Amino acid sequence: MLAVFRYHASAMKKLIAATLLIAAAVVAQQTHKEYEPPNAAGAGQKLLAQFAGDWDVVKTFFPANGKPIVTKGTCKQYLVQDGKFLESEFTFVNSDGTKSTGTGISGFDSKTNRFTTVWYDSRQTTMSIRQSDGGTFDGKNIVLWATPLDPDRPGRKTVARAP
C-alpha cells in the first residue's frame, strides 16, 4: 500500500510540475506581447527608406590632430523586416589600395522618437552603437551620438541627411 501511495504521489508531482510549466509558458507569451506589442513602420522609417539604393560615398574622419582623412567607397542599402530597418553594406578603398568593409543596421523607435544604429566592420573586432537624442527628430535629419562601449573613449556626434 505504501509503494502505491509513493507511486501516485510521484505521478501527481510530475503532473503538477507539467501543468505549472505549461501555464508559465502561456503567461510568458501573453506578457511578451503586452511588453513588446508589434507596431508598423512610421515617420522615421520613411526617412530611412530615402537612403535605400546604391551609393558612391565619401568617409571623412577628423582626427584630434592633423588633417581630415578622406576615403571613397560604395554603399548598398536596403530595407529589411517589412520596411522597419535599413541595412547598409559599405566597401571603402584605402589610400594604399586595400579595401575595408562595414555593415550597419539602422532603425527608428516611434515610442522614444530615437534612431539607433549598430555598426561592425573589417577593421576591428568591436561593434559601435549610435543613437539620437529622444524628441529631436525633425523629419529631415538624423543626428546620432556614439554610445561609448569603451569607457576610455567618449562618444561623438555624426550626422546623416536625407538625399
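The model shown is predicted, which means the values in this text are computed figures rather than measured ones. (Residues numbered from 1 in each chain as written. Predicted model: local features only at pLDDT ≥ 70, side-chain atom pairs only at ≥ 80, totals over all residues. Heavy atoms only, no water.)

Participant: Would you mind showing me how to read the overall build of the protein chain here?
Facilitator: Looking only at helices and strands, one finds two helices and eight strands in the protein chain. Here the analysis covers contacts within the protein chain between residues at least 6 apart in sequence; of these, 24% occur between residues at least 24 apart. Total accessible area on the protein chain is roughly 12200 Å²; 59% of this is exposed by carbon and sulfur atoms. (Helix = DSSP H or I, 4+ residues; strand = E, 2+ residues; numbered from the N terminus. Contact = heavy atoms within 4.5 Å. Areas by Shrake-Rupley, 256 points an atom, 1.4 Å probe, with all protein chains shown as cover.)

Participant: What exactly am I supposed to notice about the nonpolar core here?
Facilitator: A general feature of soluble globular proteins is that nonpolar side chains tend to end up buried together. Membership of the largest hydrophobic core is limited to nine residues, which are Leu-47, Leu-48, Phe-51, Leu-86, Phe-108, Phe-115, Phe-137, Ile-142 and Leu-144. Put simply, the parts of the chain that give this core at least two residues each are α2 (43-49) and β7 (141-147). Of all hydrophobic cores here, the second largest spans five residues; its members include Val-57, Cys-75, Phe-92 and Trp-119. (Core = buried A, V, L, I, M, F, W, Y, C linked by side-chain atoms within 4.5 Å. Buried < 20%, exposed > 50% of the residue type's maximum accessible area, 1.4 Å probe, protein only.)

Participant: Just checking my understanding: could you explain the pairing of strand β4 (residues 99-109) for this structure?
Facilitator: Regular strands have side chains that alternate between both faces of the sheet. As paired elements, strand β3 (residues 85-93) and β4 share nine bridges and run antiparallel to each other. Across the sheet, the residue bridging to Phe-92 is Ser-100, located in β4. Linkage of β3 to β4, two consecutive antiparallel strands, is achieved through a turn of five residues, within which Gly-97 is found at a positive phi near 95 degrees. Alignment of β4 against strand β5 (residues 114-121), held across eight bridges, turns out to be antiparallel. Looking across to β5, one finds that Phe-108 is bridged to Phe-115. With antiparallel pairing between neighbouring strands as the criterion, β4 and β5 make up a hairpin whose turn holds four residues, including Asn-113 at a positive phi of roughly 60 degrees. (Pairing = 2+ DSSP bridges.)

Participant: Explain the side chain of Thr-103 to me, please; I cannot follow it from the model alone.
Facilitator: By the element assignment, Thr-103 lies in strand β4. Residue class for Thr-103 comes out buried when judged on its relative accessible area of 18%. Other than its neighbours up to four places away in sequence, Thr-103 contacts Ser-88, Val-118, Trp-119 and Tyr-120.

Participant: What is the right way to look at the side chain of Ser-88 in this model?
Facilitator: Tracing the chain through its elements places Ser-88 in strand β3. Judged by relative accessible area, Ser-88 falls into the buried class, the value being 5%. At 2.6 Å, the side chain of Ser-88 forms a polar contact with the side chain of Gln-77. Once residues lying within four places of it in the same chain are set aside, the contact partners of Ser-88 are Cys-75, Lys-76, Gln-77, Gly-102, Thr-103 and Gly-104. (Polar contact = N/O pair within 3.5 Å; in protein donor to acceptor, adjacent residues only side chain to side chain.)

Participant: I'm lost on the environment of Gly-134 in this one. Help?
Facilitator: For Gly-134, the location among the structural elements is in the loop between β6 (127-131) and β7. According to the relative accessible area criterion, Gly-134 is partly exposed, its value standing at 37%. C-alpha separation for the pair Gly-134 and Asp-109, spaced 25 residues apart in sequence, amounts to 9.6 Å. Ignoring any residue separated from it by four or fewer positions in sequence, one finds Gly-134 in contact with Thr-112, Asn-113 and Arg-114.

Participant: Explain the pattern of salt bridges here, please?
Facilitator: Side chains that differ in charge, positive against negative, can pair when their charged atoms come close. For the coordinates displayed, the defined rule picks out one salt bridge. The closest approach of N and O atoms between Asp-121 and Arg-123, which form a salt bridge, is 3.7 Å. Exposure remark for Asp-121: the relative accessible area of 12% places this residue in the buried category. For Arg-123, a relative accessible area of 56% gives the class exposed. (Salt bridge = Lys/Arg side-chain N within 4 Å of Asp/Glu carboxyl O.)

Participant: Just to check I follow, could you spell out unusual backbone geometry for this structure?
Facilitator: Residues apart from glycine generally show negative phi values, whereas peptide bonds are mostly found in trans. Even without being a glycine, Gln-81 presents a positive backbone phi close to 55 degrees. We note that Asn-113 has phi near 60 degrees; this positive angle belongs to a residue other than glycine. Looking at the secondary structure, you find Asn-113 in the loop between β4 and β5.

Function-wise, these values are silent; they only describe arrangement.
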